[in-house]
Amino acid sequence: MPPSDVPVRYRPSSTPALPGGPVDFTEAWLANRRLSAHTRDAYRRDVTGWLTWCADHGIDPLRATFLHVNAYARALETTLGARTGRPLTPATIARRMSAVSSWYDFLLRLRAVEVNPVAGADRPHVDRDHSATVGLTPQEVDALLAAARADTGPTAVRNQAVLALLADLGLRVGELVSLNVDDLGVERGHRSVRFVGKGGRSRRRALTPGTAYAVDAYLAQRAAGQGVPVADLTGPLLVTATGGRLDRHSVFRLVRRLARAAGIPAWAKLSPHSLRHSFATTARAEGVPLEDVQDAMGHADPRTTRRYDRDRHNLDRDPAYVIWAARSRRTPG
């Protein structure tokens, strides 16, 4: 139950900004933002969770206070994840509260509420310098790609393209499955792919020769199966055996299956995001500047990129060595 000293019961707002109430607010909020389909669905689920909790406790979400939000956060801390069966992580709870906060910011602009109740709530602390995702070493990524090449069956060539896009570009799984055939192109001599990234931002990335080869081989096989030229292919870039768009859950299962076949010890804990982590770590280890990795990954904040760089605490990269070497060059022998 919500705190007893603030018993706000559900009463329809006397002057609703939108006629249908919270549900219409949510759809208007989502339509007002440039978001990928995956992000839009995730935000809708997060806000729906809050609205459902409010309805179960007789609380009008348009009159909720930070005390109600705190009570909701405490309830989330004891909620088990549907997939893991374990309590939600602080990062997941913080993300859900962030979505609700953004929803209330939108309501503030509509003057449907007077304050954002999440602003004064007690949010979980999330360590920006740590990520719980299990990463992969460069050698493990090599083994995973080799397992994809050794794979057999009608979707084996497609699976090679999936792994190449994840490993060489560090794409988010939502970005990967949202790709369409007409997102592929050529820019200034580079094979490229365009897509909508997190936050609804249009992005473009170069395809490495290896990734381009894998994608071309897959499209050639797909076109041959349909009896049409590759140029006539349309719709989703990555499809299922029945022609539907490949979904994120299938990619999740694919990564684990191939990781197990590759003999990677942590295969049961891996996800498509593990390849994104490896992309950042390997790029930094190979000397790619932080800003270039940040741009490639589509991060607005460089601190987010640094979380993915698992090798950043390696003493081999301590700037003290660079300063000492420069001083040595300036000092006469």
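Residues numbered from 1 in each chain as written. Predicted model: local features only at pLDDT ≥ 70, side-chain atom pairs only at ≥ 80, totals over all residues. Heavy atoms only, no water.

The protein goes by Tyrosine-type recombinase/integrase in an unreviewed UniProt entry, where it is assigned to Micromonospora cathayae.

Under the definition given, this model contains six aromatic pairs. Each ring, one from Trp 29 and one from Tyr 43, has its centre 5.6 Å from the other, and the planes form 20°; the classification is stacked. Taken together, the positions of Trp 29 in helix H1 (residues 22–31) and Tyr 43 in helix H2 (residues 37–56) put the pair 14 residues apart, joining distant regions of the chain. Geometrically, the ring pair formed by Trp 50 and Tyr 104 is edge-to-face, given 6.4 Å between the ring centres and 70° between the ring planes. (Phe/Tyr/Trp six-rings, centres within 6.5 Å; stacked < 30°, edge-to-face > 60°. Helix = DSSP H or I, 4+ residues; strand = E, 2+ residues; numbered from the N terminus.)

What follows concerns the pattern of salt bridges. Once their charged atoms are close, side chains differing in charge can pair, the charge on each being opposite to the other. By the definition in use, this model includes 10 salt bridges. For Arg 194, the salt bridge is made with Glu 187, and the minimal N-O distance between the two is 3.1 Å. Each member of the salt-bridge network shares a partner with another, and the members are Glu 27, Asp 41 and Arg 44. (Salt bridge = Lys/Arg side-chain N within 4 Å of Asp/Glu carboxyl O.)

A few words on the pairing of strand S2 (residues 190–196). Examined bridge by bridge, strand S1 (residues 184–187) and S2 share four bridges and lie antiparallel to one another. By the bridge assignment for S2, Leu 184 is matched with Val 193. Here S1 hands over to S2 after two residues, with Arg 188 in that stretch at a positive phi of 50°. As paired elements, S2 and strand S3 (residues 202–206) share five bridges and run antiparallel to each other. When the bridges of S3 are listed, Ser 192 appears paired with Ala 206. (Pairing = 2+ DSSP bridges.)

The subject of this paragraph is the sheet that holds S1. Ordered by their spatial adjacency, three strands build an open sheet running S1-S2-S3, and the pairing between neighbours is antiparallel. With partners counted over all chains shown, the strands left at the sheet margins are S1 and S3, one partner each. Sheet twist, expressed as the mean angle between neighbouring strand axes with direction ignored, is 40°. (Axes fitted to C-alpha atoms, helices over the stretch in contact; angles between N-to-C directions.)

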